[in-house]
Amino acid sequence: MARGVEFLGSEVAILCGAMSWVSERNLVAAMSNAGGFGLIACGAMTPALLDAEIAATKALTDKPFGVNLITMHPQLMELIAVCTRHQVTHVVLAGGLPPAGSLEAIKAGGAKLICFAPALSLAKKLIRSGVDALVVEGMEAGGHIGPVSTSVLAQEILPEVADKVPVFVAGGIGRGEAIAAYLEMGAAGVQLGTRFVCATESIAHPNFKKAFLRASARDAVASVQLDPRLPVIPVRALKNAGGELFSAKQREVALSLDDGKTAMAEAQLQIEHYWAGALRRAVIDGDVEHGSVMAGQSVGMVTKEEPIADIIAALVGEADVALAKRG
């Protein structure tokens, strides 16, 4: 983990994955103050909103933290400029390969660039293009997911690229024993999201947290793409009426495409806006029945609301014990 600590500038190489509406100033600052590494979830924020969020986070911590940007954001370059103005040390690009000019702009601004690698071929391509670190995230994760499990991706990617750039493993990690295993395989650290949702410092609605505390691994299911024309990336969330509503939304958009009333680009926006609105309804408003309760399969290991410092201490303690037994 020393390599990950050196890269991040934190005490432990544990990142808190960027979760829209959840990973805001309070959780991010608390994560970094506790020795981990917080990431602001920019999501659909405007440059002005991101500017305010970074400033507010800086007021709560003097420790390093990063910003997670979505590659498809129409104002991506302006968001990168905001990060540069604030001298953000680490920028994560999620949602696809870096668009033309974005990688150069981030690095020119002095930030280290982290990208997601859902396959070995893409990991190699990203390294050739100049990214500084990778996140390898499996389908067990919450939110938007790919089709391959964490354990398979780690076995495939770590032996090939871990000696070239720091690699952080994510998806389905809930205990320190798993962290120890991935470190032994060559990871520089890990990223967890679901485990931190019920942190005391998380602003998630009490209903949202209660849904996590009640859930088991099998309750966190992936959404299904009903029409191949729709750009639906599967989303893992707790089973509820909201999942059924999303299926209905897909059917509605598909019919609109059939009738020629909606262009493909507009269809994609409608799908993305659905998720953004549904997630806010659950996280902020507490509507866990009709909103989207995004959660990874590690949700069954979230058993109580507790401070982030205690969660990190437990994870590190479990990893220490596991590595000591091997020794």
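Up top is the structure.
Residues numbered from 1 in each chain as written. Predicted model: local features only at pLDDT ≥ 70, side-chain atom pairs only at ≥ 80, totals over all residues. Heavy atoms only, no water.

**Some remarks on the pattern of salt bridges**
So, point 1. In the structure shown here, the tally under the stated rule is 15 salt bridges.
So, point 2. One salt bridge connects glutamate 160 with lysine 124, and the closest N-O pair in it is separated by 3.9 Å. Separated by 36 residues along the polypeptide, glutamate 160 in helix α7 (residues 150-161) and lysine 124 in helix α6 (residues 120-129) bring together distant segments of the chain.
So, point 3. For glutamate 160, a relative accessible area of 38% gives the class partly exposed.
So, point 4. Two residues, glutamate 252 and lysine 249, come together in a salt bridge whose shortest N-O distance is 3.4 Å. With glutamate 252 and lysine 249 both in helix α10 (residues 241-258) and three residues apart, the pair spans about one turn of that helix.
So, point 5. Using a relative accessible area of 46% as the deciding quantity, one classes glutamate 252 as partly exposed.
So, point 6. Taken together, the shared-partner salt bridges in this structure form one network comprising Arg175, Glu177 and Glu318. (Salt bridge = Lys/Arg side-chain N within 4 Å of Asp/Glu carboxyl O. Helix = DSSP H or I, 4+ residues; strand = E, 2+ residues; numbered from the N terminus. Buried < 20%, exposed > 50% of the residue type's maximum accessible area, 1.4 Å probe, protein only.)

**Things to note about empty space enclosed by the protein**
So, point 1. On inspection of all chains with the given rule, the structure shows one cavity of 30 Å³ or more.
So, point 2. Taken as a whole, the largest cavity holds about 30 Å³ of empty space.
So, point 3. Looking at the largest cavity, the residues that line it are Ile80, Cys83, Thr84, Val88, Val91, Ile106, Gly109 and Ala111.
So, point 4. Sorting elements by how many residues they give to the lining of the largest cavity places helix α4 (residues 76-85) first, with three residues.
So, point 5. Broken down by class, the residue content of the lining of the largest cavity amounts to six nonpolar, two polar and no charged. (1 Å grid on protein atoms, 1.4 Å probe; cavity = no way out; pocket = protein on both sides within 12 Å on 5 of 7 lines; lining within 4 Å. Points joined across faces, edges and corners; volume = space filled by probe spheres on them. Nonpolar A, V, L, I, M, F, W, Y, C, P; charged D, E, K, R; others polar.)

**Topic: the packing of aromatic side chains**
So, point 1. Scanning the model with the defined rule gives three aromatic pairs in all.
So, point 2. In this arrangement the basic side chain of arginine 280 is found over the ring face of tryptophan 21, its NZ or CZ atom lying 5.1 Å from the centre. (Phe/Tyr/Trp six-rings, centres within 6.5 Å; stacked < 30°, edge-to-face > 60°. Lys NZ or Arg CZ within 6 Å of the ring centre and 35° of its normal.)

**What to know about the environment of alanine 178**
So, point 1. Considering the arrangement of structural elements, one finds alanine 178 in helix α8 (residues 176-184).
So, point 2. Overall, the relative accessible area of 27% leaves alanine 178 in the partly exposed class.

Remember, this is a structural readout, not a statement about activity or role.
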